[in-house]
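# Fold and contact review
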Amino acid sequence: MISVIIPAYNIEEYIGECMESVLAQSGVEMEIIVVDDGSTDATPAIVEDFARRHGHIKVIHRTNGGLAAARNTALEHCTGDWITMVDGDDLLMPGALALMLKAANDTEADMVMGAFADFTDVAPASADGSAAATIISGRQAVETMLYRRGPTATVHSSAWGKLYRRELWEHHTFKAGILYEDLEVVPRISLNARRVAVVNDIVYAYRYNRNSILHVFTPNRLDVIDVARSLVAHFVGDKPLHRAAQSRLFSAAFNMWLLLVVNHADMPDKLAECKRIVRHLAPGQIFRSKVRFKNRIGAILQYFPFLFRSAGVCKKLLPK
């Protein structure tokens, strides 16, 4: 059985469509655990209505604690052999769970990663499920996540779009109270997977919202520096993964440096911290073969600090 975790907070406009996409999954046994994270709109009433009509839906109401806390609450109530996560404003593609479960069973994988596509109003077309799964190790998955190279539409550090053997979560939870909680825990989870099946079919539709906190600048976005730094410390005894984590820290610090300038943020200490990290890690980004091209360019450009005095120039260097 698959436990489907859906955190929900003030998404009355989208939660119904999300729930319908999960209920439409065929060929699998599942339980659906919806955590209402203290919503103040119609979200609680909508999910309770779904639960009344479908006996395999369990709704848990809690005071608002954020995405990580809501997911942790759901993890405490999971009874399935497998776990997947769906954010309440996103969608599962038709046949996604059956496709991922088949890949797991066929390959004896502990974890399955499927491709995703962004959408705004109209969901993307689903694939036909004919693509064969590729098998990689947990280490390879972590390296791809941290370097952000290779099939990043499939092997990425978001918690959604994946099927996890339940045991992977036995000693792990999301760190509450921060942004980038997925980046903090998913690489650690993935390393414990002996085999990871990578499915290039689109299994997940991510609703792109330009007004979400991850698409605008807020001081909380600087959490990514601490999260990436924690991964560097976590993998310190493993040279290849330590280098991969350093590359992720470089990328985080470089992007935050640019965002601080573009947004004219009056945070001189944070700006100085980002610059120190970038300058310290830059040589390794230039000369290590696995580092992605954007990091190499950033590492070279930082030697010309006059380029970063213009918000216009910094904006052009930010990822789209």
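Only a predicted model underlies this, so the values are computations on that prediction, with no experimental measurement involved.

Secondary structure summary: the protein chain contains 11 helices and 9 strands in total. Computed over its C-alpha atoms, the radius of gyration of the protein chain comes to 20 Å, within 12% of the 20 Å expected for a compact globule of 320 residues. Over its C-alpha atoms, taken along the principal directions, the protein chain stretches across nearly 60 × 45 × 35 Å. Across the 320 residues of the protein chain, 53% fall into the buried class. A separation of at least 24 residues holds for 80% of the contacts in the protein chain among residues at least 6 apart in sequence.

This part covers the side chain of Ser 39. With respect to the secondary-structure elements, Ser 39 resides in the loop between strand S2 (30-37) and helix H2 (43-53). At 2.9 Å, the side chain of Ser 39 and the backbone nitrogen of Asn 10 are in polar contact. Within the structure, Ser 39 has its side chain in polar contact with the side chain of Asp 36 (distance 2.7 Å). With residues near it in sequence (within four places) discarded, Ser 39 still touches Ala 8, Tyr 9, Asn 10 and Pro 44.

On to the environment of Thr 84, then. With respect to the helices, strands and loops of the structure, Thr 84 is situated in strand S4 (residues 82-85). Those residues in contact with Thr 84, other than ones at most four positions away along the chain, are Ile 2, Ser 3, Val 4, Ile 5, Leu 97, Met 100, Lys 162 and Leu 163. Within the structure, the side chain of Thr 84 is placed 2.6 Å from the backbone oxygen of Lys 162, a separation counted as a polar contact.

Going through the model one piece at a time under the given rule, you end up with 7 aromatic pairs. Measuring from centroid to centroid gives 6.0 Å for Phe 250 and Phe 254, while their planes differ by 5°, and the two rings are stacked. Of this pair, Phe 250 and Phe 254 both sit in helix H8 (residues 239-262), 4 residues apart, which is roughly one turn of the helix. Taken as a pair, Phe 250 and Phe 254 share a single burial class, namely buried. Ring geometry for Phe 254 versus Trp 257: centroids 6.3 Å apart, planes at 75°, classification edge-to-face. With Phe 254 and Trp 257 both in helix H8 and 3 residues apart, this pair spans about one turn of that helix. Relative accessible area serves as the criterion here: at 7%, Phe 254 is assigned to the buried category. Joined through ring pairs, the aromatic side chains of Phe 116, Trp 160, Tyr 204 and Tyr 206 make up one cluster. Here the guanidinium or amino end of Arg 53 rests over the ring plane of Phe 50, the centre of that ring lying 4.8 Å away.

Right, let's get into the environment of Thr 134. By the element assignment, Thr 134 lies in strand S7 (residues 134-136). A residue is classified by how much of its surface remains accessible, and Thr 134, at 40% relative accessible area, is partly exposed. For the pair Thr 134 and Asn 200, spaced 66 residues apart in sequence, the C-alpha separation works out to 8.5 Å. Excluding residues within four positions of it along the chain, Thr 134 makes contact with Val 196, Ala 197 and Val 198.

On to the nonpolar core, then. Counting 40 residues, the largest nonpolar core has Leu 146, Ile 225 and Met 256 as the members making the most contacts within it. Within the residue set of this core, elements represented by two or more residues are helix H5 (138-147), helix H7 (223-234), H8 and helix H9 (268-287). Ranked by residue count, the leading element in this core is H8, at 15 residues. Counting 38 residues, the second-largest nonpolar core is a separate cluster that includes Met 30, Ile 32, Ala 96 and Ala 197.

The next subject is the pattern of salt bridges. Where charged atoms from two side chains of opposite charge approach closely, those side chains can pair. Considering all chains together, one arrives at 15 salt bridges under this definition. In this structure, Asp 110 and Arg 194 form a salt bridge, with 3.0 Å as the shortest nitrogen-oxygen distance. Taken together, the positions of Asp 110 in the loop between helix H4 (96-107) and strand S6 (111-119) and Arg 194 in the loop between helix H6 (181-191) and strand S9 (196-207) put the pair 84 residues apart, joining distant regions of the chain. Under the relative-accessibility criterion, Arg 194 is labelled exposed at 63%. A salt bridge links Lys 270 to Glu 273; its shortest N-O distance comes to 3.7 Å. Of this pair, Lys 270 and Glu 273 both sit in helix H9, separated by 3 residues, roughly a single helical turn. Relative accessible area serves as the criterion here: at 34%, Lys 270 is assigned to the partly exposed category.

Definitions and cut-offs
- Residues numbered from 1 in each chain as written.
- Predicted model: local features only at pLDDT ≥ 70, side-chain atom pairs only at ≥ 80, totals over all residues.
- Heavy atoms only, no water.
- Helix = DSSP H or I, 4+ residues; strand = E, 2+ residues; numbered from the N terminus.
- Rg over C-alpha atoms; globule rule 2.2 N^0.38 Å.
- Buried < 20%, exposed > 50% of the residue type's maximum accessible area, 1.4 Å probe, protein only.
- Contact = heavy atoms within 4.5 Å.
- Polar contact = N/O pair within 3.5 Å; in protein donor to acceptor, adjacent residues only side chain to side chain.
- Phe/Tyr/Trp six-rings, centres within 6.5 Å; stacked < 30°, edge-to-face > 60°.
- Lys NZ or Arg CZ within 6 Å of the ring centre and 35° of its normal.
- Core = buried A, V, L, I, M, F, W, Y, C linked by side-chain atoms within 4.5 Å.
- Salt bridge = Lys/Arg side-chain N within 4 Å of Asp/Glu carboxyl O.

The analysis is restricted to geometry; functional conclusions fall outside its scope.
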